[in-house]
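For reference, the chains in residue letters:
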Amino acid sequence: MISSKSHVSEPMITEPQALFRFGSLTVAPSRRVLSCDGRPVIIGSRALEILIVLLERAGELVDKRTLMKRGWPSTVVEESNLRTQIAALRRVIDSVSQDIGVTGELIATVPGRGYRFCGSVAIVPESRPIRFNQRAGIPRRLNRVIGRDDAIRDISERLHTCRFVTVTGHGGVGKSTVALEVAEYAEHTYCEGTLYLDLSSASTPEDVSTSLTQAAGLASTTGDQLSGTIAAICSQEVLVVLDGCDHVAHSVALLAEAILQTYPKARVLATSRETLRAQGEHVCRLLPLTAPPIHVEPISARNASRYPAVELFVERLTSNMHDYALTDDDAPMVSTICRRLDGIPLALEFAAGRVDVFGIPGTLALLDDRCTLMSLGRPHGLERHRTLDALLGWSYDALTHQEQLALRRLGIFDAPFLLNAASFVIADASIAADDAYLIVAALVEKSLVTAEIMGPKLTYRLLDVTRAYARARLVETSELDSTKARLEVWLSRHGQEQGAAVPAQEDTRCAMRRCTGAGVSALQSPPAG
Ligand SMILES: Nc1ncnc2c1ncn2[C@@H]1O[C@H](COP(=O)(O)OP(=O)(O)OP(=O)(O)O)[C@@H](O)[C@H]1O
Ligand SMILES: [Mg+2]
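Treat the numbers as computed from the prediction; the structure is a model and nothing was measured.

**Some points on the side chain of glutamate 349**
Topologically, glutamate 349 is positioned in helix H14 (residues 345-352). A distance of 3.0 Å separates polar atoms of two side chains, one belonging to glutamate 349 and the other to arginine 378. Leave out the neighbours within four places in its chain, and glutamate 349 touches Leu312, Arg316 and Arg378.

**Re the site of ligand 1**
Surveying the vicinity of ligand 1 reveals 21 residues, the closest of which are Ile146, Lys175, Thr177, Arg273 and His385. For ligand 1, a nitrogen atom lies 2.8 Å from a polar atom in the backbone of isoleucine 146. One nitrogen or oxygen atom from the side chain of glutamate 349 is found 2.9 Å from an oxygen atom belonging to ligand 1. Calculation on ligand 1 without its partners gives an accessible area of 630 Å², and the protein chains cover 91% of this total. The set of elements that each furnish at least two residues to the shell around ligand 1 consists of helix H7 (175-188), helix H12 (308-320) and H14. Considered class by class, the residues forming the shell around ligand 1 number six nonpolar, seven polar and eight charged.

**Here's the deal with the layout of surface pockets**
Quantified by volume, the largest pocket comes out at close to 1300 Å³. Lining of the largest pocket is provided by 47 residues; of these, Thr177, Leu346, Glu349, Arg378 and His385 occupy positions nearest its centre. Of all the elements in the fold, those that place two or more residues in the lining of the largest pocket are H7, strand S12 (193-198), H12 and H14. Broken down by class, the residue content of the lining of the largest pocket amounts to 16 nonpolar, 17 polar and 14 charged. For the lining of the largest pocket, the two domains that each supply at least three residues are domain 2 (131-285) and domain 3 (299-390). Taken together, 37 residues make up the lining of the second largest pocket; nearest its centre are Arg339, Asp342, Arg461, Leu463 and Asp464. Elements supplying a minimum of two residues to the lining of the second largest pocket: helix H13 (331-340), helix H16 (370-375), strand S16 (450-454) and helix H21 (464-476). Grouping the amino acids of the lining of the second largest pocket by side-chain chemistry returns 18 nonpolar, six polar and 13 charged.

**A few points about the packing of H12 against helix H15 (residues 355-366)**
Between H12 and H15, whose axes approach to 12 Å, the crossing angle comes to 140°. What the angle tells us is that H12 and H15 run oblique. On H15, the residues touching Phe313, Leu317 and Asn320 of H12 are Val355, Asp356 and Ile360. Considering only residue class, the contact of H12 with H15 consists of four nonpolar, one polar and one charged.

**Some thoughts on the sheet that holds strand S11 (residues 164-168)**
Strand order in this open sheet of five strands is S12-S13-S14-S11-S15, and the pairing throughout is parallel. With one partner strand each, in any of the chains shown, S12 and strand S15 (282-285) form the two edges of the open sheet. Each adjacent strand pair in this sheet contributes to an overall mean axis angle of 15°, direction not counted. Inspection of the sheet shows S11 paired to S15 by four bridges, in the parallel sense. Within S15, the residue paired with threonine 166 across the bridge is valine 283.

**A word on the sheet that holds strand S8 (residues 114-117)**
In space, the three strands of this open sheet follow the order S6-S8-S7, with antiparallel pairing throughout. Looking at the sheet topology across the chains shown, the edges are occupied by strand S6 (61-63) and strand S7 (107-110). The mean inter-strand angle of the sheet, taken between neighbouring strand axes irrespective of direction, is 30°. Where S7 lies against S8, four bridges are found, and the strand directions are antiparallel. By the bridge assignment for S8, alanine 108 is matched with arginine 116. The sheet strands contacting helix H1 (residues 45-56) are S6, S7 and S8, and the helix crosses S8 at an angle near 65°. Strands in contact with helix H2 (residues 64-71) are S6 and S8; relative to S6, the strand with the most contacts, it is inclined by about 65°.

**Quick notes on helix H18 (residues 401-410)**
Most of H18 is tucked away: eight of the ten residues are buried. Along H18, the residues classified as buried are Glu403, Gln404, Leu405, Ala406, Leu407, Arg408, Arg409 and Leu410.

**Quick word on the environment of threonine 459**
In this structure, threonine 459 sits in strand S17 (residues 457-461). Classification of threonine 459 by relative accessible area gives buried; the value is 1%. As a C-alpha pair, threonine 459 and leucine 418 span 41 residues in sequence and 5.1 Å in three-dimensional space.

**Structural notes on H1**
Its twelve residues give H1 an end-to-end C-alpha distance of 16 Å, which sits within 8% of 16 Å, the value for a rise of 1.5 Å per residue. Most of H1 is tucked away, with nine of its twelve residues classed as buried. Of the residues making up H1, those classed as buried are Ala47, Leu48, Glu49, Ile50, Leu51, Ile52, Val53, Leu54 and Leu55.

**Comments concerning unusual backbone geometry**
A positive phi is found at arginine 163, a non-glycine position, where the angle reads about 75°. Along the chain, arginine 163 falls in the loop between helix H6 (149-162) and S11.

**Digging into the packing of aromatic side chains**
For the coordinates displayed, the defined rule picks out four aromatic pairs. For the pair tyrosine 396 and tyrosine 469, a centre-to-centre distance of 5.4 Å together with 65° between the ring planes defines the contact as edge-to-face. One end of the pair, tyrosine 396, is in helix H17 (residues 388-396); the other, tyrosine 469, is in helix H21, and 73 residues separate them in sequence. Residue tyrosine 396 is classed as buried on the basis of its relative accessible area, which comes to 9%. The class of tyrosine 469 is buried, set by a relative accessible area of 4%. Connected via pairs of aromatic rings, a cluster forms that spans Phe413, Phe417 and Tyr460. Lying over the aromatic face of tryptophan 394, arginine 384 brings its terminal NZ or CZ to 5.0 Å of the ring centre.

**What about the pairing of strand S3 (residues 25-28)?**
Side chains of S3 alternate between two faces, with Leu25 and Val27 and Thr26 and Ala28 buried alike. Bridge analysis of strand S2 (residues 18-22) against S3 gives three bridges, and the strand direction is antiparallel. Within the sheet, the bridge partner assigned to arginine 21 lies in S3 and is threonine 26. Between S2 and S3, which follow one another and run antiparallel, lie two residues, and glycine 23 among them has a positive phi close to 55°. Of the pairings in the sheet, the one linking S3 to strand S4 (residues 33-36) comprises four bridges and is antiparallel in character. Across the sheet, residue leucine 25 finds its bridge partner in S4, namely cysteine 36.

How each quantity is defined
Residues numbered from 1 in each chain as written. Chains lettered and ligands numbered in written order. Predicted model: local features only at pLDDT ≥ 70, side-chain atom pairs only at ≥ 80, totals over all residues. Heavy atoms only, no water. Helix = DSSP H or I, 4+ residues; strand = E, 2+ residues; numbered from the N terminus. Polar contact = N/O pair within 3.5 Å; in protein donor to acceptor, adjacent residues only side chain to side chain. Contact = heavy atoms within 4.5 Å. Near = heavy atom within 4 Å. Areas by Shrake-Rupley, 256 points an atom, 1.4 Å probe, with all protein chains shown as cover. Nonpolar A, V, L, I, M, F, W, Y, C, P; charged D, E, K, R; others polar. 1 Å grid on protein atoms, 1.4 Å probe; cavity = no way out; pocket = protein on both sides within 12 Å on 5 of 7 lines; lining within 4 Å. Points joined across faces, edges and corners; volume = space filled by probe spheres on them. Domains from an automatic or database assignment. Axes fitted to C-alpha atoms, helices over the stretch in contact; angles between N-to-C directions. Parallel < 35°, antiparallel > 145°, perpendicular 65-115°, else oblique. Pairing = 2+ DSSP bridges. Buried < 20%, exposed > 50% of the residue type's maximum accessible area, 1.4 Å probe, protein only. Expected span 1.5 Å × (residues − 1). Phe/Tyr/Trp six-rings, centres within 6.5 Å; stacked < 30°, edge-to-face > 60°. Lys NZ or Arg CZ within 6 Å of the ring centre and 35° of its normal.

By themselves these figures say nothing about function.
Okay, here's the thing in structure tokens:
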């Protein structure tokens, strides 16, 4: 049942608000937004307030005192501040709109007295039949968001132009966190309503429609009436946030297509570890937070703090240990912890929560043991966010049998690997080598395998936490020895096949250096030639 997870919001009928239109620009005073052809324009709050006063009394002289009182309601300021804001206002308008002439004439200075808006202004009602109570629908975040400014900006811009964006990425990487920030930005700029659905407990198409209906605060709807629900929600400029679509990707894809094809003002922002493969979907893959690379060590506290993974780790750590400050002694160890946890925010939060008991060196040591690593977590919050084991299990349990088998076997690689090595290690009597390629591709789509360009080659790798999980499953299913043996065979054959071709030999050595476990013996004696 998903109702417990859905955030129910009441639709409210609101009075239509007035909009001011001049040229291609529109000001919505109730939302404090200036837009140009529907796109939000960045403008300071004081400059916008002054513009609103001038528009309210378009054609009339507005004296300086009135403008200063509205711009700075609680402070007395010099006239020069007003001049600065008028100049900023003119600059912004000039930069975004070419169809309204010279702003010096549009906002005329009346020397010694004030300013007058001289353009032609249309006052139009804002059509807002339903306004969702956005704050009731969107969960509040308790912590500030670290290191995601670029992603938030990029997704907001894409959403504005493309209307349908799915944020994908590894479990716990921060997809929901980023989506909530984007929704907040949209709510303050171009959207009249934001509808938030937590779909992480949904497992059937019915769950998705029930969730939608409840989130919109409408009476329960089934089957054909779903289109009526969508119409009630989407006939306005609305952003529908579909969070945690992993287990209902197909139903969400159909829903998103239905919304976007029928309602040109609606936008959809989805989060999922896996792409939805829907028409019109633009995928934004969220990468882990950056951690100091290994070659930067020894690293000072000051330099380490510049990396968002370190910033997040230290911030969470200080919520338990108020007077902790990162020292030059701790910085290399903290950098290693952040790297070992692949910059995954949830994993960093788990590890930071152990420092008050184990200290920094002790916490780093915990990561060496696979079982301890997988049991890192916290006792509260979403069930899939309680331990690293649960985080990975959430993805693993939803895989097909063959994908599960492939992921386990890929756990044998300790570092980046080549596709043909992966295929060889995965394939057996039940999986043909060609199918193994497709399975690796599916695991990439599900954010469990990362594809990376390394020089001229595309290589693949499992993040450390994913590898620890896969390796644990491999041991559990007693496949460790047989998988090691397959890797050894591949290593020996691969070396022979490459013959004397120099670049290929380089690849072979690289591949060997990157393989451990079964590859160790072969690594120590790479084929001659
Ligand atoms: N950039 C960030 N700054 C601060 N905290 C973050 C950031 N990203 C994620 N977190 C924290 O990490 C945890 C996991 O984040 P989130 O729920 O957004 O991950 P997710 O990718 O949506 O996970 P899932 O795949 O399970 O849905 C949360 O506790 C969140 O507060
Ligand atoms: Mg999420």
